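If you want the building blocks of each chain, they are given just below.
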Amino acid sequence: YFSVYLYIYLLCISRSGTGESCDNFTDLNLSHCFMGTVLYVRLLLYTRSNLDCGHELNHHRLSSQPLFNLSRPTAFVIHGYRPTGAPPIWIDHIVHLLAEQEDMNVIVVDWNNGAANLNYFTAVTNTRKAAYNLTGFIMTMQEEGASLSSVHLIGVSLGAHLAGFVGANLKGKIGRITAFGLTGAHGHIDFYANGGNDQPGCPKTIFAGKSYFVCDHQRSVFLFLCALNRTCSLTGYPCSSYSDFLEGRCLQCEAFKPASCPVLGEFVSFLLAELMYRVDMVTWNQYLRWGVVFIRLHSGRNFTELFRFEQYTSTRLLAQFDDDLQQVQKISMRINTGNVIGPRYKIRLLRIRFTPLERPERPLMCRFDIILEENVEVAFRPLPCNSRL
């Protein structure tokens, strides 16, 4: 027995690196889901001092965990339905990224025992029970000096519903709720990435297996992670429909003045100097093709890049560039259809036109009769649309 206990102790030391044991997210498997799990809520605390080693909080004796500082903001990360019982792959990423933004308490609400059930409706029922549990914990925080305005609930899928129940229980006094994977309008601001339905790059048929069911649904989480690590700036524009947006009719921000249009992500408070162009292309090709279009606007040393999947025919793209270049000296383009066998495809552009949608006072830019060969970048000087070479 001594050797077994010694092994476990050393394992905990190696995982924490400091000699203290770590409390990890509950890792279940399909057998638990078949048998069914009974709700049990664990609250795992992470701070900048223990980013890789969670500490489970006592629901009633908050002072028992010295790293839990109630004067700091607190973000609760709440997962959703877990049909296989495995931990969400994004949990560690979001914990680290949230802690990078601000010195805060990040609490992972681990209700895997309760969410891991083959019967989805059992997990649905457990969301309200878990919400009462979490509500009681937050009320204890408030009694010990925490401000509700400094609490941020981040919920995914059923976790978003759970967060909403907590907010309702506390009469809407929570500082902020961020919910992912819901349909319809629920918040003060609702983001619909790519129209809110099928997401680019996700499988279109059930033959793709598990990813067919989870890819579109999880995209919102990964977009949020993208916004937190500042690898992308995702601006939301008020619009009555996605088709109107694609037509370029919804690129104004008057509804939010004096502020700008909202950017996805809690801590992405800066806005890059962006500019949206409508790009109209007319091609001369016998067959329709799918591929990637790479476009760069150059002005001195500055350039940006955009790529979109589209069919090569008479095509309209909405292109958002990160830099608002006052004078575009050069434009370059490249195509890629993914063809690896046979000759390189060539595309003939009869006309390409750039319309600056947010700067109507600026002239339209055009170019005529261009031959694009696959994976070969072609650069050209834009011309006024009323002239031709």
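Quantities reported herein were computed from a predicted structural model and do not represent experimental measurements.

Trainee: Residue-level account of the pattern of salt bridges, with values.
Mentor: Counted according to the given criterion, the structure contains seven salt bridges. Between Glu-56 and Arg-42 there is a salt bridge, with the nearest N and O atoms lying 3.2 Å from each other. Placement of Glu-56 in strand 2 (residues 55-56) and of Arg-42 in strand 1 (residues 40-46) is noted, with a sequence separation of 14 residues between them.

Trainee: An account of the packing of helix 5 (residues 120-143) against helix 6 (residues 158-169) is needed here, citing residue identities and associated values.
Mentor: Between helix 5 and helix 6, the least distance of the axes is 8 Å, while the angle of their chain directions is 40 degrees. On the basis of the axis angle, helix 5 is oblique to helix 6. Helix 6 is crossed by helix 5, and the crossing has right-handed handedness. The residues of helix 6 that touch helix 5, namely those facing Tyr-120, Ala-123, Val-124, Thr-127, Arg-128, Ala-130, Ala-131, Tyr-132, Leu-134, Thr-135 and Ile-138, are Leu-158, Leu-162, Phe-165, Val-166 and Asn-169.

Trainee: Tell me about helix 5, residues and numbers included.
Mentor: Counted at 1.5 Å a residue, the expected span for helix 5 with its 24 residues is 34 Å, and the 35 Å between its end C-alpha atoms agrees. Along helix 5, the residues classified as buried are Ala-123, Asn-126, Thr-127, Ala-130, Ala-131, Leu-134, Thr-135, Phe-137, Ile-138, Thr-140 and Met-141. Elements in contact with the buried residues of helix 5: strand 1, strand 3 (74-78), strand 4 (105-111), helix 4 (112-115), strand 5 (151-156) and helix 6. Where helix 5 begins, one side-chain oxygen reaches toward the backbone nitrogen of Phe-121, 3.0 Å away; that side chain belongs to Asn-119. Where helix 5 ends, the next residue or the one after it, Gly-145, has phi of about 115 degrees, a positive value.

Trainee: Got a sec to walk through the packing of aromatic side chains? Specific residues and values, please.
Mentor: Here a ring pair, both rings aromatic, is described through the centre-centre distance and the interplanar angle of the planes. As enumerated under the stated definition, the model contains eight aromatic pairs in all. Judged by centre distance (5.9 Å) and plane angle (75 degrees), the rings of Tyr-120 and Phe-121 are edge-to-face. Residue classification places Phe-121 among the exposed positions, given a relative accessible area of 61%. On the basis of an interplanar angle of 50 degrees and a centroid distance of 4.9 Å, the ring pair of Phe-180 and Phe-224 is categorised as tilted. Note that Phe-180 is positioned in strand 6 (residues 176-180) and Phe-224 in helix 7 (residues 210-228), a separation of 44 residues in sequence. By relative accessible area, Phe-224 is classed as buried at 1%. An aromatic cluster is present here, built from Phe-68, Phe-76 and Phe-137 joined pairwise through their rings. The ring of Phe-165 has Arg-128 sitting right over it, with the charged end atom 3.9 Å from the ring centre.

Calculation rules
- Residues numbered from 1 in each chain as written.
- Predicted model: local features only at pLDDT ≥ 70, side-chain atom pairs only at ≥ 80, totals over all residues.
- Heavy atoms only, no water.
- Salt bridge = Lys/Arg side-chain N within 4 Å of Asp/Glu carboxyl O.
- Helix = DSSP H or I, 4+ residues; strand = E, 2+ residues; numbered from the N terminus.
- Axes fitted to C-alpha atoms, helices over the stretch in contact; angles between N-to-C directions.
- Parallel < 35°, antiparallel > 145°, perpendicular 65-115°, else oblique.
- Left-handed = near helix turned anticlockwise from the far one by under 90°.
- Contact = heavy atoms within 4.5 Å.
- Expected span 1.5 Å × (residues − 1).
- Buried < 20%, exposed > 50% of the residue type's maximum accessible area, 1.4 Å probe, protein only.
- Polar contact = N/O pair within 3.5 Å; in protein donor to acceptor, adjacent residues only side chain to side chain.
- Phe/Tyr/Trp six-rings, centres within 6.5 Å; stacked < 30°, edge-to-face > 60°.
- Lys NZ or Arg CZ within 6 Å of the ring centre and 35° of its normal.

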